Amino acid sequence: MAFIIKPLVTEKMTKITDKQPSRYGFLVRPEANKLEIKKEVESLYNVTVLDVNTARYSGKRSSRYTKAGLVKGQKNAFKKAIVTLKDGDTIDFYSNL
């Protein structure tokens, strides 16, 4: 089962990676645990994972005014994983573009 949804390529994650070149962020399924995330990153990118930090984010309610009136909704909940690799290992997210 694929636990990694997509890599995080945001300004905040880029700053973290620039400061500590061996740290990368991923959006993962909420039911994934650290061992499953570690195993999948190692198999997908052929690197050695030293540490996995996770954070859960709840879905926020949102509303906006449109011509049709007030539209209410909710954003999805998600889980973020920040993976620390062994020194010398790197992941290139831009090679597939």
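The shown structure was predicted, so the numbers you read here are calculated from the model rather than taken from an experiment.

1. Digging into the sheet that holds strand β1 (residues 4-7)
Working step 1: Ordered in space as β1-β2-β6-β3, the four strands form an open sheet in which the pairing is antiparallel. One side of each edge strand has no neighbouring strand; the edge strands of this open sheet are β1 and β3 (49-57). Each neighbouring strand pair of the sheet contributes to a mean axis angle of 30°, computed without reference to strand direction.
Working step 2: Where helix α1 (residues 11-19) meets the sheet, it contacts β2 (23-28) and β6 (78-85), and its direction lies at approximately 150° from that of β2.
Working step 3: Taken strand by strand, helix α2 (residues 34-45) contacts β1, β2, β3 and β6, and its axis lies near 125° from that of β3.

2. What to know about the nonpolar core
Working step 1: Judged by nonpolar contacts, the single largest core of 16 residues is most densely connected at Phe-26, Ile-37, Val-41, Val-83, Leu-85 and Ile-91.
Working step 2: Mapped onto this core, the elements with two or more residues apiece are β2, α2, β3 and β6.
Working step 3: With sequence-adjacent residues up to four places away left out, Val-41 is seen in contact with Ile-4, Phe-26, Asn-46, Val-47, Val-49, Val-83 and Ile-91.

3. Here's the deal with the packing of aromatic side chains
Working step 1: Inspection of every chain in the model, using the stated rule, returns two aromatic pairs.
Working step 2: When the centroid spacing of 5.9 Å and the interplanar angle of 35° are considered together, the rings of Phe-26 and Tyr-45 count as tilted. A residue pair is termed long-range when its members are at least 10 positions apart, and Phe-26 in strand β2 and Tyr-45 in helix α2 qualify at 19 residues.

4. A look at α2
Working step 1: For α2, built from twelve residues, the straight-helix expectation of 16 Å at 1.5 Å per residue is met to within 8% by its first-to-last C-alpha distance of 16 Å.
Working step 2: Its side-chain oxygen 3.2 Å from the backbone nitrogen of Leu-35, Asn-33 forms the N-cap of α2.
Working step 3: Directly after α2, the chain includes Asn-46, whose backbone phi takes a positive value near 55°.

Conventions used here
Residues numbered from 1 in each chain as written. Predicted model: local features only at pLDDT ≥ 70, side-chain atom pairs only at ≥ 80, totals over all residues. Heavy atoms only, no water. Pairing = 2+ DSSP bridges. Helix = DSSP H or I, 4+ residues; strand = E, 2+ residues; numbered from the N terminus. Axes fitted to C-alpha atoms, helices over the stretch in contact; angles between N-to-C directions. Contact = heavy atoms within 4.5 Å. Core = buried A, V, L, I, M, F, W, Y, C linked by side-chain atoms within 4.5 Å. Buried < 20%, exposed > 50% of the residue type's maximum accessible area, 1.4 Å probe, protein only. Phe/Tyr/Trp six-rings, centres within 6.5 Å; stacked < 30°, edge-to-face > 60°. Expected span 1.5 Å × (residues − 1). Polar contact = N/O pair within 3.5 Å; in protein donor to acceptor, adjacent residues only side chain to side chain.

As far as function goes, none of this settles anything; it's purely spatial.
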